[in-house]
Amino acid sequence: LLLLLPILPILLVILLFVVVVKVVIEVEDEMTTTTASTTTATMNQLQQQRKILGLAWNQDHSCFSCALEDGYRVFGAEPLEEKTRREFKDGGFNCVEMLFKSNFLALVGGGTRPCFPPNKVIMWDDEANEQVCELSFKSEVKSIRLRRDRLIVVTLNRSFVYTLTKAPRKLQEYSTMDNQHGICALSPSATHPTLALLGLHPGQVQVIDLSKMEQLPLIIASHETNIACLALNQDGTLLATASKRGTLIRVFDCASGKKKFEVRRGSEKANVTSIAFNSSSTLLCAASDHATVHVFSLSEEEDKPSSGFTNLLPNYFSSQWSFAKFSVSSPNCTCAFITTNKVMAICYDGNVFRAKFTEKGDVRVEQSNLSQFTYTNDTSNTTHTGTATSATTTTTVSASKHDDIDEDDENGMKHNNITTSNAS
């Protein structure tokens, strides 16, 4: 002990140094863990804010919109590019419906923090960055559809038809069976303004000519089970339907209700999430929760007389099958023809698939993700940000203002007129 006394101060210093170093290391580890947790939470929060709540094509499938937890984004389909985005500090949307390539959008609030009450439809002028008009309903709005002269609003068991004017006027309402997913279809055609809604019984569809709403709807018993998906062609003359079983897709004539085609998606049950015709109504594409998209040819072979042997075969063998198909990354997606031989599928996970196919069924697929596209304003080099009533910068979806609104129509919607009306 006497020999250690001279070096005791040195040993105490060394011990103190070791203790200090240990404390510093523990503090740094704790700070690193906290920073990592904060970073992870921030990333999760950003991911939640960017979650896609709704996807919708415009009337001619040249653009599509993404409803997000914190705003919306609009993309051009061919080429695939972001056209505009708007971020709202007040919350997000479930539905963002476009009016062709104009600056007018129909919005319905949704998500964990709805920007607007979910029982309201807000007509929004993206160029002027202001609300044009507002419609309130007694229950939550499930979906909306637009055409140049009409606004369709779907609630749980009622669907409403309004004029698309500066002060929307209710023209008619239709009762339906419970429609939790807002299933409906609307044709943009001026010649055949057709609206397809669920009927009052499972498997039924109401087909309505909007130019003759005084007439009763045509009722088509399309399936034995509940309807899962509806689609109308551009001309408003053909209706495609799929049931909850999802094995068959049937195509009907909208005037007579006669079945014209029946195509088979597969033999296993599936939820069909999207159906679309091409511009000439000769092809049909369909997406399902099997994470596949099928392309069918709509030929007139079904109208030809069949042999006795064919009549003896089960429907499984006599149905027409897809000639092309491709896989996607998510069971929930929407699809459409963007050119004569190209189908685009947009998934709720943000992935986009563009499939170019041949008549023989050969398919070449290109994959991209919506997060890789960043829109910047050419002048300010900033994205749209703001609240439910205003934003700092604006842009139009297309170069032309009021692309599909007739400025000479005295009842036409003008972006500088803000009106509010209540729906019964």
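Note that the structure is a prediction, hence the values are computed from the model and not measured.

Rules used throughout
- Residues numbered from 1 in each chain as written.
- Predicted model: local features only at pLDDT ≥ 70, side-chain atom pairs only at ≥ 80, totals over all residues.
- Heavy atoms only, no water.
- Helix = DSSP H or I, 4+ residues; strand = E, 2+ residues; numbered from the N terminus.
- Contact = heavy atoms within 4.5 Å.
- Areas by Shrake-Rupley, 256 points an atom, 1.4 Å probe, with all protein chains shown as cover.
- Pairing = 2+ DSSP bridges.
- Polar contact = N/O pair within 3.5 Å; in protein donor to acceptor, adjacent residues only side chain to side chain.
- Buried < 20%, exposed > 50% of the residue type's maximum accessible area, 1.4 Å probe, protein only.
- Axes fitted to C-alpha atoms, helices over the stretch in contact; angles between N-to-C directions.
- Core = buried A, V, L, I, M, F, W, Y, C linked by side-chain atoms within 4.5 Å.
- Patch = residues over 30% accessible without salt bridge, like charges linked within 9 Å, V, L, I, M, F, W, Y side chains within 5 Å.
- Salt bridge = Lys/Arg side-chain N within 4 Å of Asp/Glu carboxyl O.
- pLDDT = per-residue confidence, 0-100.

Overview of the overall build of the protein
Here's step 1: Helix and strand counts for the protein come out as three helices and 31 strands.
Here's step 2: Counting contacts in the protein only where the partners sit at least 6 residues apart, residues at least 24 apart contribute 47% of the total.
Here's step 3: Of the roughly 20700 Å² that the protein leaves accessible, carbon and sulfur atoms contribute 53%.

Some details on the sheet that holds strand β17 (residues 227-232)
Here's step 1: On the basis of which strands lie adjacent, the open sheet formed by five strands has the order β17-β18-β19-β20-β24 and mixed pairing. What marks the edges here is a single partner per strand, and that holds for β17 and β24 (320-321).
Here's step 2: The pairing of strand β18 (residues 238-243) with strand β19 (residues 248-253) spans five bridges and is classified as antiparallel. Bridge assignment links A240 to a residue of β19, and that residue is V251.

Thoughts on the side chain of T334
Here's step 1: Its place among the elements puts T334 in strand β26 (residues 333-339).
Here's step 2: In terms of polar contacts, T334 uses its side chain to reach the side chain of W57, at 3.2 Å.
Here's step 3: Those residues in contact with T334 that sit more than four places away from it in its chain are L55, W57, S274, M344, A345 and I346.

Some words on unusual backbone geometry
With the exception of glycine, most residues fall at negative phi, and the peptide bonds are largely trans.
Here's step 1: The amide bond that connects E78 to the next residue, P79, takes the cis arrangement and shows omega of 5°.
Here's step 2: Tracing the backbone shows P79 in the loop between β3 (71-76) and β4 (81-88).
Here's step 3: Even without being a glycine, S281 presents a positive backbone phi close to 60°.
Here's step 4: Backbone geometry places A291, a non-glycine residue, at a positive phi of 60°.
Here's step 5: Within the element layout of this structure, A291 appears in the loop between β22 (283-288) and β23 (292-297).
Here's step 6: Classification of A291 as buried rests on a relative accessible area of 16%.

Digging into the sheet that holds strand β29 (residues 363-369)
Here's step 1: Pairing is antiparallel across the open sheet formed by four strands, whose spatial order is β26-β27-β28-β29. Strand pairing shows two members of the sheet lacking a second neighbour, β26 and β29, which therefore form its edges. Sheet twist, expressed as the mean angle between neighbouring strand axes with direction ignored, is 20°.
Here's step 2: Alignment of strand β28 (residues 351-357) against β29, held across seven bridges, turns out to be antiparallel. When the bridges of β29 are listed, R354 appears paired with E366.

Quick look at the nonpolar core
Here's step 1: Counting residues in hydrophobic clusters, the biggest one holds 35 residues, and the most contacted among them are F64, V293, V328, V343 and M344.
Here's step 2: Every element with two or more residues in this core is listed here: β1 (52-57), β2 (63-68), β22, β23, β25 (324-327), β26, β27 (342-347) and β28.
Here's step 3: Those residues in contact with V328 that sit more than four places away from it in its chain are A291, T292, V293, C333, A345, C347 and F353.
Here's step 4: In terms of nonpolar packing, the next biggest core, distinct from the first, is built from 20 residues, C95, V121, V132 and L146 among them.

Notes on a nonpolar patch on the surface
Here's step 1: A grouping of I7, L8, I10, L11, L12 and I14 is seen on the molecular surface, where their side chains present a nonpolar patch of about 540 Å² in accessible area.
Here's step 2: Along the chain, the position of L8 falls in helix α1 (residues 8-49).
Here's step 3: For L8, a relative accessible area of 39% gives the class partly exposed.

Describing the confidence of the model for the protein
Here's step 1: The predicted model of the protein has a mean per-residue pLDDT of 82, with 75% of residues at 70 or higher.
Here's step 2: Every residue in residues 32-49 is under pLDDT 50, and counting partners more than four places away or in other chains gives five contacts.
Here's step 3: Contacts for the low-pLDDT stretch residues 376-424, under 50 throughout, to residues beyond four places or in other chains number 121 contacts.

As for the pairing of β19
Here's step 1: For β19, a buried count of five out of six residues is recorded, marking the element as mostly surrounded by other parts of the structure.
Here's step 2: Connecting β18 to the antiparallel partner β19 that follows it, the hairpin turn spans four residues, and G246 within it adopts a positive phi of roughly 75°.
Here's step 3: The pairing of β19 with strand β20 (residues 259-264) spans five bridges and is classified as antiparallel. Note that in β20 the partner of I249 across the bridge is V263.
Here's step 4: Once β19 ends, the chain turns through five residues before running back antiparallel as β20, passing G257 with a positive phi of about 80°.

Quick notes on the pairing of β20
Here's step 1: The pairing of β20 with β24 spans two bridges and is classified as parallel. Opposite R264, over in β24, you have W321 as the bridge partner.

Remarks on the environment of I275
Here's step 1: You can see I275 is positioned in strand β21 (residues 272-277).
Here's step 2: Residue classification places I275 among the buried positions, given a relative accessible area of 8%.
Here's step 3: Sequence-distant contacts of I275, that is, excluding residues within four places in its chain, are made with C229, A231, A240, T241, A242, I249, L284, C285 and A286.

Focus on the pattern of salt bridges
For side chains bearing opposite charge, pairing can occur when the charged atoms are close.
Here's step 1: Counted according to the given criterion, the structure contains 15 salt bridges.
Here's step 2: For D126, the salt bridge goes to R86, with nearest N and O atoms at 3.1 Å. Of this pair, D126 sits in the loop between β7 (120-125) and β8 (130-136) while R86 sits in strand β4, and the two are 40 residues apart along the sequence. Exposure class is identical for D126 and R86. Each is buried.
Here's step 3: K170 is paired through a salt bridge with E173; the nearest N and O atoms lie 2.9 Å apart.
Here's step 4: Owing to a relative accessible area of 31%, K170 belongs among the partly exposed residues under this scheme.
Here's step 5: Under the relative-accessibility criterion, E173 is labelled partly exposed at 25%.
Here's step 6: Taken together, the salt bridges that share partners define one network made up of R73, E82, R85 and E87.

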